[in-house]
Structures are given as C-alpha cells and as structure tokens.
Amino acid sequence: LSRPRLAFLGAGFAALVAVFVWSIWLALHRPPGFESLQATDMIWALPFIAFPAVGIIILARRPGNRVGWVLFGIGIAIGVGLAATEVGRLLSVSHGAGGTLVFLAGDGGIKMGLALVAILLLVFPGGRLPGPRWRWVLRLLLGVAALTVAASFLASGRLDQGNLPASPLAWTVGGPIVNLIDGRPGLAVYSLLLLCCAAAPFIRYRGSNEQVRRQLKWVAWSSGIFACAEVVTNSIGLAPGLPDPVRAALLVPPAVAGAAVAASIGIAVLRHRLYDIDAVISRTLAYAALAALIVAAYLAVVVGAGALVGSRSGSNVLLPILTTALVAIAFQPVRRRLERLADRIVYGTRATPYELLSRFAQRAAAEYPDERALERLAHALADGLGAHAVTVVLAGHAEGPHHAAAAWPPDSTPSASSVLASAPVVDAGEVIGELKLWRATPLSQTEQRLLDDLAAQASLLIRNVRVTAELRLRLDELRASRQRLVAAQDDERRRIERNLHDGAQQQLIAIAGRLGLAEGRPLDPQTARLFAELKVEVASALDDLRGIGRGLYPPLLASQGLRPALAALARRAPLPVSLDVSAERFDRTLEGAVYFCVSEALQNACRHSGATSVDVGVVSGGDRVSFSVRDNGSGIGKQDVAAPGASSGGGLQNMADRMAAVGGGLNVASSDSGTEVAGWCPERISASIKSADDERT
Amino acid sequence: MLSLTVVRVVLAEDSYLAREGVARVLESDPSLELVGVASDFDGLLTLVDERRPHVLVTDIRMPPGFDDEGIRAAAILHETHPSVGVVVLSQHDEPEYALRLLERGSARRAYLLKDRLAEPATLLAAIHEVARGGSVIDPGVVERLVAAQARFVTSPLSSLSAREREVLSLMAQGSTNEAIAQRLFLSTGVVEKHSNAIFSKLQLSEEKDVNRRVKAVLIYLAEGEMAR
C-alpha cells in the first residue's frame, strides 16, 4: 500500500478511535430521562476498536485481502453508529423528533456493523466467498439488513429508549408491512441468514487444504474462548446480590476475548505459519480443564467438607489450607494427564514432535529390519508430521537409486498442490537414503529440524534393512543356484542314461541279434559253444548296462512317477519292503529328490541295520510332500545321526542336502528298535501339470 | 482279408543297428512279410494306417519323447485298429511297462525284452502268437517277478511248489494250458490241477480266459507285495 494511503488509513483509524472515545464520553453524560451508564459498562466497545485496528494492519500487509476492509468497516459502522445514537439522544432534548432520526440512523449503523461481522464469517480468511452461490446469501443479508433499518424508521411508537419521541417518518398505513419486516418474521429470516453465515467456515474447512484449515482453527479457537467467556459471565451474572465491582469485573473477560478474536484473525491472515495452532489449542484445552478441575476441587472441598464439619470456628481457616495442599499435590500428575489427553484430542494419532522422536528411536533399535519396517517408519512419519504422503528412499536400491523402498500410504502419489520436504539419511558420511514427505504446507523450522533428527535416527534402521536385503538376496541366489545344480545334475544323469540306452545298449542288442541269426546255421560244435557263451555274456552285459542306467536315473521314474519307480526299487531290495506311496505326479526335481533319498535310505536299511523288513511311505498334503523309510533294525549310531557327515552317514548328509536343495528338510530318528528317515519338501507343482511335465523331454 | 499264410508286419525302431537286427530276424521267417519301417511315433501311426499290417513290432522308446511311445501307440491302435497285434520290444525289465501295455486288454499284445533278438525263435513265435490273438510276456520279466516275490517267507508265493511256480510263470508269459503241458512234458489234466492249486493258494479267482489270466497273474506278481 502506498504511503499516502497508509497515512490516510492511519488518520482514519485515529479519527475512529476519537469517535469511540467521544461517544463513550457522551454515553456517560446522557441527558436526564435516559439510562445512565458507568465507565465499565462501555468496555464492550473494546473489541470493536480492536477489529478496525487489525483491519488496518491487514490492509497494510495484504492490501488485496478484503477481510481488512470488512474489519475496518465493522469499526466504522459500530463507532459512527454508537456516536450517532448518543448524539440523537442529546438532540432529542432540544429538537424532539429530529433527534429520533439521528438516533435511528446510528442504530442502523450498528445493525449494519453486526451484519458485517456475519459477512466476515463468509469471506474469512482469503477475502472471498466459499463459492459463487454464496453471493445470494451475501445479497440477501445486505438486503434484509437494509430493509430492517428502513423499517425501524417507518415503525410507529415502538421506541423503548426512554424519552425519545416516536419517529416522525412513522408510516401508519403500512404498519402491518413494517411490522412484518421489523417484527418476528423479519427476525426469523435474518437469523436464518446469520446461521448460513455461521455455517460458512465449517463448509470451507471441509473443502480446503491444511493452510486454510489452520487459519480457520485460529479463529475457531478464539471464538471458542469468547463463547466460554460469555457463557461463564452470563451464568455468574444471574446470581442475585452480586456487588457492583464484581459485576463490572464480569464484563471484562468477554470484552478481552472479543479483542482476542480480532487478534486471532490478524494472526490467521498474516502470521499463521509462525505458530502451531494445534499446540496452542492443545495447551488451552489442558489448562482450561485444569482450571475447571481446580475450581471444582475447591468448591467440593470447601462446600462439601464445610457442610460435614459444620461451621465451627477455626475450620474456616483450615479448610482452604487443606484444599490448597490437595490441589498442590494433585497439580503435577493431573496436569500431565490432561496435557496428554488434550494432545490426543488435538493431534489425534499424530504424535507430538517429542513423542514422535522418542518413539522413532525406540523403533529403529527394536525393529526387525525388513522393508515392512520402513513402511511402518513412513507411517509414523506421516502421522507425526501430518503429511499426506511419505516415502523412504534407499540409495543403491536394486530398482534404481531413487526407487522408493517404502511409502505411506502405500502406492500413494503426492498431489500437485502439496509441498515436498526431505532429509537425507547419512550413515558414516555416506548418504544411504532419504526421507521425503509431501504436505499441504511447508514445514516450519522446528518441524524441519525434527525431520532431520528423525533421518539421523533412521540411519541405523535403514542400514540394517540394507544389510538384511543384501543377505536375503544372496541367500536366495544361493538357494536358486543349489537348486539349479541339483536340477542340472539330474538332467545330466538322464542324458547319460539316454546315451547309454541309445548307444552301447543298442550296439549290444544288434550284436545279440546277429548272434541269434547264427543260430539256424550249421556250425561246428566249438563255434556253436563259443556263440552260446557270447550270447550269455552279451545278455549279462545288457543286464549290467540296464542296472547302471537305472542307477543314473530310472526311466520308470521319468515316465511313470514315484509309485512305479519305488515299486521297482522295492522289488530289487534284498528285504521285504512294504510300500504306501501316493500315485500323484510331482515336479521332476521333487520326484528325483524323493526317489534318491528313499533309494539311499533303503540301501542303508538293507546294508547296515540288520533289519528284516522296511516300510516306505510317500504322502502329499498341505502343500508338501513327505516320505519316510522305516526299518526294524538295530538302529544307527548316535554319532551318525548327530553328525551326518561322519562315517556311514555320508549318505545321510547327501540326503539332507538333496532335500534342502528343493526347499525341504530331513529328519533321522534312530533307536534300538529301528531307524526312521523322514523328509519333506514343498509341493510346488501339482498333479494337474503332470501332462505338461510329460511333454517335456 | 487276413491271410493265414503270410503275416504282414510293420517295424518301428529309431536305432539303425537295432532296426537292421530285427529286420534280419523277420526276413529269416518266410511266413512274415515286412511291409514298412518307421523310425518315430508319428511315422509309425501313418504307416499302420497306410499298410494295414497284421502285426506291429515296435521299440518302446522313440522320438519325439524317448519315453514309452511304443506303448502309447499300442493304446491308440486299440481304438483305431483293434485287429492289429502289437509286439513291444523293450529294454526295461520292470513289469510296470508290461502292465501298461496290457491296460486295455491283453489280447494281441506282446512285451519282449530286446535281448530276445539273440533268440530269434522267441521273437518270431511271439509275432505269430499275437497275430493269432494271443498274448506274450517276456519270460525274463516274469521270472524276475516270481523270483522277487518268492524270496521272502512272508510271500504267498513261497507256499507254491517248484513245479507250481513254473506253471505260474508260464501262465504269466501267456501260455495256454496245452502249451504249458507241452513245454513241461505234462498232461493237460495235471497242468489244470496245478493251476487250480495255484489260484487257491494265492487266493485269486480263477481265470479261464488265457489272455485275461496273463494280466491277472502279472498284476498279482507285480503288486502282491504292495497291495495290502
């Protein structure tokens, strides 16, 4: 705003203050016949001086914000109106009805000033209406106010202002119409409009961002205090027989609270970013409740105990002392409780900054370091700082250096209007990550410091998460490579078995065929005997080759599955073997692992245990396949079970490795009455994929 | 259609050496005529469609899968060409394969180990048996089964006499009572008596039809231990 205009405004404000002072002086020196006032009665005017004062400051700082003009207007309307009513009273003595007109004009000014207060509700805090439709509320409000003022001029003989004569403009013919406007119907419409205006801030609150909400909260806070002051003052004022100084003092709190409303409007418009209204509200709630409790405690002890003890002399001195002691003792714990309660009411799940920091530190130390922990961290951060999106970024993440390792809310995308705040997470001089948060308003300096502190606290957790992730990755790689090794080994065995079958075996068969052809020919006995011997040798070589092929990878296992393959295995065992094997088909690697483990365990049982029978079982269910090989032999040595790598247990170690490679495990239990080798692994490929598995070669 | 003098044969075998070996054995029998040779599963089916043989002699394991294509071909032919006999030549001595071959009925089916090329007579006899509607299971497979079953005192087979075991083994190979009698130099009546004794000792319901008897005995031998 330009200097001259500023000077002009200043002069205007000075004049306004002068008008207020003058009208108060007039009010205190009213002519006889009018109600006389005390100086303290005029304290109600204080807020109406505060309003234009704040208005001037807003106009100076934010010339574009109409709130300033509205505030200034309230001051002018009330001040000038006040002065005019007093002047009217004075003039009525000398000029009669002319004075009434001046009084009515002043009264109209005050009415318009109150209408402006309603308009203030409509346009606060930005100086604009909540929406285009609200123009109609504004117009109606102004129209009805003007009509009411006009009606007060036209009304006849209804002035309850002491010696003031009736309005000379009284319109007797239109009396009913005037009464309609000036009477209850008009009042009802006016009240409805005021209600609309009062609803405007609530409607605005729902649809606005964090910044506007904070501004509204400021005024809601001061208005709440004002309302409380009014309620308390008026309730106490009802008590009969109060001394005059007390009555005068009762007027002070509402007036001061009204002025505070003006001040809060100023803060809301100009400085709201500097102060945390939530903290202010929280403290106010806590101390108000505390004050109420102290008063209640005093009353309870003094009145209650006084009634019990009776009004013996001496007790009057003791009781207040006792009460004070009680209050002093209870004060600290009650205050702490109340503060915590107030925090919870105001911040909700949002923690106070100190709480957030300490909780965060505890978590960082105790949390199991996985990526869920990062998400919980982001969650805590979002709650604590009132952000609508938080991401935790890890440097050198597998998905790229700026990949968000965790976010809260999950999969959230920050809206365009929000502000980004961030803090690097540093561990031993290396930037290992970043905390990013999006919020409607920028962080205050305190909050940014808090975020930096939190980032420092988070470094331990983030480093642990990184280490854990790396370890898990490495573990996964190891597991996969072990699985690949086993699968490759099985494939290699199958390949060799096939080569054996297609190569050496076929050649031997061809030789057998040619030997067979010689059968029908005339041979000398020696040659015939040689041929017969050769045939036997070829047959036994073929038998050997079949055995080798089966040992490498039984074709029956690949072609028909575990049950037939294990049946064939059992048939060759030197002991009776009873089988209870699921007929299902499983993943090839799984079948291979189970087959070789059962085969190994069966061999152990037949060779070492002195058993007379073996039970073999393979069952599937609950997403896992398990097998057991149980003999009734003398058991294997304890040291073999405990350390499968040693002596005869080399096979056990192989079996354990084999099951581990398919993600399962092996259990060996041995006693004097026999040994049980049991293993399990997850069933990853169900029987339904059997055909597809068969197609594969 | 069916000539009583000449049996038309299609041969399926992917290994050159084995194919030549089998072909020579077939050529040595004037009552057989080799009408086509295939080297894989699809070629086999096409050839049977085209040449209408009486008997298919096939390897068990062939391209494309190198698994049990011979047996699968037999199952398909059971539907499409029920009159064609199938002799599966195999290197697997496990009865599971033989039982699979007999899954849809044992008539006109033979399961022989490839070792039999050294005994051309066995192979040729099997081809003729199948062409006549009979069934043959390689004695090697059956003997292994019987031996495996009879090892343990707990097995019902251990209650059979040596002669009864011989009879059982021949029944499992597909022989008729007459053939068994001839082979063991017994009268048919004695063989029948043995047969009754065997079925009652093993608690099997007696099966008069020879083809079905093969399967029943084979299943008993293969799964006797398991079926509890």
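Reading the values: the criteria
Residues numbered from 1 in each chain as written. Chains lettered and ligands numbered in written order. Predicted model: local features only at pLDDT ≥ 70, side-chain atom pairs only at ≥ 80, totals over all residues. Heavy atoms only, no water. Helix = DSSP H or I, 4+ residues; strand = E, 2+ residues; numbered from the N terminus. Buried < 20%, exposed > 50% of the residue type's maximum accessible area, 1.4 Å probe, protein only. Contact = heavy atoms within 4.5 Å. Areas by Shrake-Rupley, 256 points an atom, 1.4 Å probe, with all protein chains shown as cover. Disulfide = S-S within 2.5 Å. Buried area = accessible area lost by both parts, 1.4 Å probe. Salt bridge = Lys/Arg side-chain N within 4 Å of Asp/Glu carboxyl O. Core = buried A, V, L, I, M, F, W, Y, C linked by side-chain atoms within 4.5 Å. Patch = residues over 30% accessible without salt bridge, like charges linked within 9 Å, V, L, I, M, F, W, Y side chains within 5 Å. Phe/Tyr/Trp six-rings, centres within 6.5 Å; stacked < 30°, edge-to-face > 60°. Lys NZ or Arg CZ within 6 Å of the ring centre and 35° of its normal. Polar contact = N/O pair within 3.5 Å; in protein donor to acceptor, adjacent residues only side chain to side chain. Pairing = 2+ DSSP bridges. Axes fitted to C-alpha atoms, helices over the stretch in contact; angles between N-to-C directions. Parallel < 35°, antiparallel > 145°, perpendicular 65-115°, else oblique. Left-handed = near helix turned anticlockwise from the far one by under 90°. pLDDT = per-residue confidence, 0-100.

Colleague: When you look at the overall build of chain A in this model, what are you seeing that I'm missing?
Modeller: Counting its regular elements, chain A contains 22 helices and nine strands. A burial count over chain A gives 41% of its 697 residues as buried. Pairs at least 24 residues apart make up 69% of the contacts formed inside chain A by residues separated by at least 6 positions. In the form shown here, chain A has an accessible surface area of approximately 36,000 Å², with 62% of it arising from carbon and sulfur atoms.

Colleague: Please explain the overall build of chain B as it appears in this structure.
Modeller: Assigned secondary structure in chain B consists of ten helices and six strands. Contacts spanning at least 24 positions in sequence make up 67% of the contacts within chain B whose residues lie at least 6 apart. For chain B, the accessible surface area stands at approximately 9,500 Å², while carbon and sulfur atoms represent 52% of it.

Colleague: It is not clear to me how the state of the cysteines should be interpreted in this structure. Could you clarify?
Modeller: In protein structure, a disulfide is the covalent linkage between the sulfur atoms of two cysteines. Residue and element names in this part refer to chain A. Counted according to the given criterion, the structure contains zero disulfides over all chains. Left without a disulfide partner, C197 is nearest to the cysteine sulfur of C196, which lies 6.7 Å away. Looking at C197, the relative accessible area reads 0%, which means it is buried.

Colleague: Would you mind going over the interface of chain A and chain B with me for this structure?
Modeller: As a measure of interface size, the accessible area lost when the parts come together is often cited. Contact residues are listed per partner, giving 40 residues for chain A and 36 residues for chain B. Across the chain A to chain B interface the summed buried area is about 3,300 Å²; carbon plus sulfur atoms make up 53%. Our count for the chain A to chain B interface comes out at seven salt bridges. A salt bridge links A:E497 to B:R61, with the shortest nitrogen-to-oxygen separation between them at 3.1 Å. Those elements giving two or more residues to the side of chain A that touches chain B turn out to be α15 (445-517), α16 (525-552), α17 (555-560), α18 (562-572) and β5 (577-581) of chain A.

Colleague: Please explain unusual backbone geometry as it appears in this structure.
Modeller: For residues that are not glycine, phi is negative in most cases, and the peptide bond is trans in most cases. For the peptide bond that leads from A:F124 to A:P125, omega is 5°, which places it in the cis range. Residues B:P63 and B:P64 are joined by a peptide bond in cis, for which omega reads 5°. Phi is positive for B:R108, which is not a glycine, with a value near 60°. Although it is not a glycine, B:F185 sits at a positive phi angle of roughly 55°. Within the secondary structure, B:F185 sits in the loop between α8 (177-184) and α9 (188-201). B:F185 gets classed as exposed once you look at its relative accessible area, which sits at 77%.

Colleague: What exactly am I supposed to notice about the nonpolar core here?
Modeller: The nonpolar side chains of a soluble globular protein tend to be buried with one another. Residue and element names in this part refer to chain A. Core analysis: the biggest nonpolar cluster contains 53 residues, and F51, I58, L71, I74, L120 and I265 have the highest contact counts within it. It is helix α4 (residues 97-123) that contributes the most residues to this core, eight residues altogether. Apart from residues lying up to four places away in sequence, I58 is in contact with P63, N65, V67, G68, L71, I265, G266, V269 and L270.

Colleague: Sorry, what's going on with a nonpolar patch on the surface here?
Modeller: A surface patch of nonpolar side chains, about 210 Å² in accessible area, is lined by A:L46, A:V252 and A:V256. Within the secondary structure, A:V256 is located in helix α10 (residues 252-270).

Colleague: Looking at this model, I keep getting lost on the packing of aromatic side chains. Mind explaining?
Modeller: Aromatic rings considered in pairs are described by the distance between their centres and by the relative angle of their planes. Residues and elements named next belong to chain A. Applying the stated criterion across every chain, the model contains five aromatic pairs over all chains. A centroid spacing of 6.3 Å and a plane angle of 35° characterise the contact between F48 and F51, whose relative ring orientation is tilted. Here F48 pairs with F51, and both are found in helix α2 (residues 46-61), just three residues apart, close to one helical turn. Note on accessibility: F48 and F51 belong to one class, buried. Ring plane angle 85° and centroid distance 5.8 Å describe the contact between W218 and W221, whose orientation is recorded as edge-to-face. Here W221 and W218 lie together in helix α8 (residues 210-237), a separation of three residues that amounts to about one turn. Residue classification places W218 among the buried residues on the basis of a relative accessible area of 4%. Every member of this aromatic cluster is reached through a ring pair, and the members are W44, F48 and F51. Sitting over the face of the ring of W136, R139 holds its NZ or CZ atom 5.1 Å from the ring centroid. Looking at R213, its charged tip hangs above the ring of Y205, at a distance of 4.7 Å from the centre.

Colleague: Can you walk me through the side chain of A:S92 in this structure?
Modeller: All names here are of chain A. Among the structural elements, S92 can be located in helix α3 (residues 66-95). A relative accessible area of 9% means that S92 is categorised as buried. A distance of 2.6 Å separates the side chain of S92 from the backbone oxygen of R89, its partner in a polar contact. Excluding residues that lie within four positions of it along the chain, S92 makes contacts with F34, G99, L164 and P165.

Colleague: Looking at this model, I keep getting lost on the environment of A:L478. Mind explaining?
Modeller: Residues and elements named next belong to chain A. Examined against the element boundaries, L478 turns out to sit in helix α15. For L478, a relative accessible area of 54% corresponds to the exposed category. Residues L478 and A661, spaced 183 residues apart in sequence, show a C-alpha to C-alpha distance of 9.7 Å.

Colleague: What am I meant to see in the sheet that holds strand β6 (residues 614-621) of chain A here?
Modeller: Two strands in a sheet stick together by hydrogen bonds in their backbones, pointing the same way (parallel) or opposite ways (antiparallel). Residues and elements named next belong to chain A. What the five strands build is an open sheet, ordered β5-β6-β7-β9-β8; its pairing is mixed. Only two strands of the sheet have a single partner each, and these edge strands are β5 and β8 (665-671). Each neighbouring strand pair of the sheet contributes to a mean axis angle of 10°, computed without reference to strand direction. As judged from the five bridges shared by β5 and β6, these two strands associate in the parallel manner. When the sheet's bridge partners are listed, V577 is paired in β6 with V614. Sheet strands in contact with α18 are β5 and β6, and its direction is about 175° off that of β5. Here helix α19 (residues 588-608) sits on the sheet in contact with β5, β6, β7 (624-631) and β9 (674-682), set at roughly 10° to β7.

Colleague: Looking at this structure, I do not really get the packing of α4(A) against helix α5 (residues 134-154) of chain A. What am I missing?
Modeller: A pair of packed helices is characterised by two quantities: the angle between their axes and the separation of those axes. All names here are of chain A. At a closest axis distance of 9 Å, the pairing of α4 and α5 adopts a crossing angle of 165°. Between α4 and α5, the angle is such that the two are roughly antiparallel. Two packed elements cross with a definite hand, and for α4 against α5 that hand is right-handed. In this structure, α4 contributes L101, L104, A105, G108, K111, M112, A115, A118, I119 and L122 to the contact, and α5 contributes W134, V137, L138, L141, L142, A145, A146, T148, V149, S152 and F153.

Colleague: Hey, could you run me through the pattern of salt bridges in this one?
Modeller: When their charged atoms lie close together, side chains carrying opposite charge are able to pair. Per the stated rule, a full pass over the model turns up 29 salt bridges over all chains. Between B:R132 and B:E129 there is a salt bridge; the shortest N-O distance is 2.9 Å. Assessed through its relative accessible area of 22%, B:E129 is described here as partly exposed. Residues joined by salt bridges that share partners form a network here, namely A:D543, A:R546, A:R550, A:R572, B:D93, B:E94 and B:D115.

Colleague: Before we go on, may I ask you to explain the confidence of the model for chain B in this structure?
Modeller: It should be kept in mind that the predicted coordinates are not to be read in detail where pLDDT is low. Residues of chain B with pLDDT of at least 70 account for 94%, and the chain-wide mean is 83. Scored as a whole, the predicted complex attains pTM 0.52, and scored at its interfaces, ipTM 0.83.

Colleague: How should I be thinking about the sheet that holds strand β5 (residues 109-113) of chain B in this particular structure?
Modeller: Residue and element names in this part refer to chain B. The parallel open sheet is built from six strands, whose spatial order is β2-β1-β3-β4-β5-β6. Because the sheet does not close on itself, it has two edges, and the strands there are β2 (32-38) and β6 (135-137). Across the sheet, the mean angle separating the axes of adjacent strands is 20° when strand polarity is ignored. Pairing between β5 and β6: three bridges, direction parallel. From the neighbouring strand, Y111 faces β6, where its bridge partner is I137. Contacting β1 (7-12), β2, β3 (55-59), β4 (85-90), β5 and β6, helix α5 (residues 120-131) crosses the sheet at an angle of about 150° to β4.

Colleague: In this structure, what is going on with the confidence of the model for chain A? I would like to understand it.
Modeller: Residues and elements named next belong to chain A. On average, residues of chain A score 79 in pLDDT, and 86% of them reach the 70 mark or higher. Of the regions scoring below 50 in pLDDT, residues 642-647 engages in eight contacts with residues more than four places distant in sequence or in other chains. Segment residues 685-697: pLDDT under 50, and 15 contacts once partners within four positions in sequence are set aside and those in other chains are kept.

Colleague: When you look at the pairing of β3(B) in this model, what are you seeing that I'm missing?
Modeller: Successive residues of a regular strand alternate their side chains across the two faces of the sheet. Residues and elements named next belong to chain B. Most of β3 is tucked away, with five of its five residues classed as buried. In the sheet, β1 pairs with β3 via four bridges, with the strands oriented parallel. Following the sheet pairing, V9 is matched in β3 by V55. Pairing of β3 with β4 involves five bridges; the strand directions are parallel.

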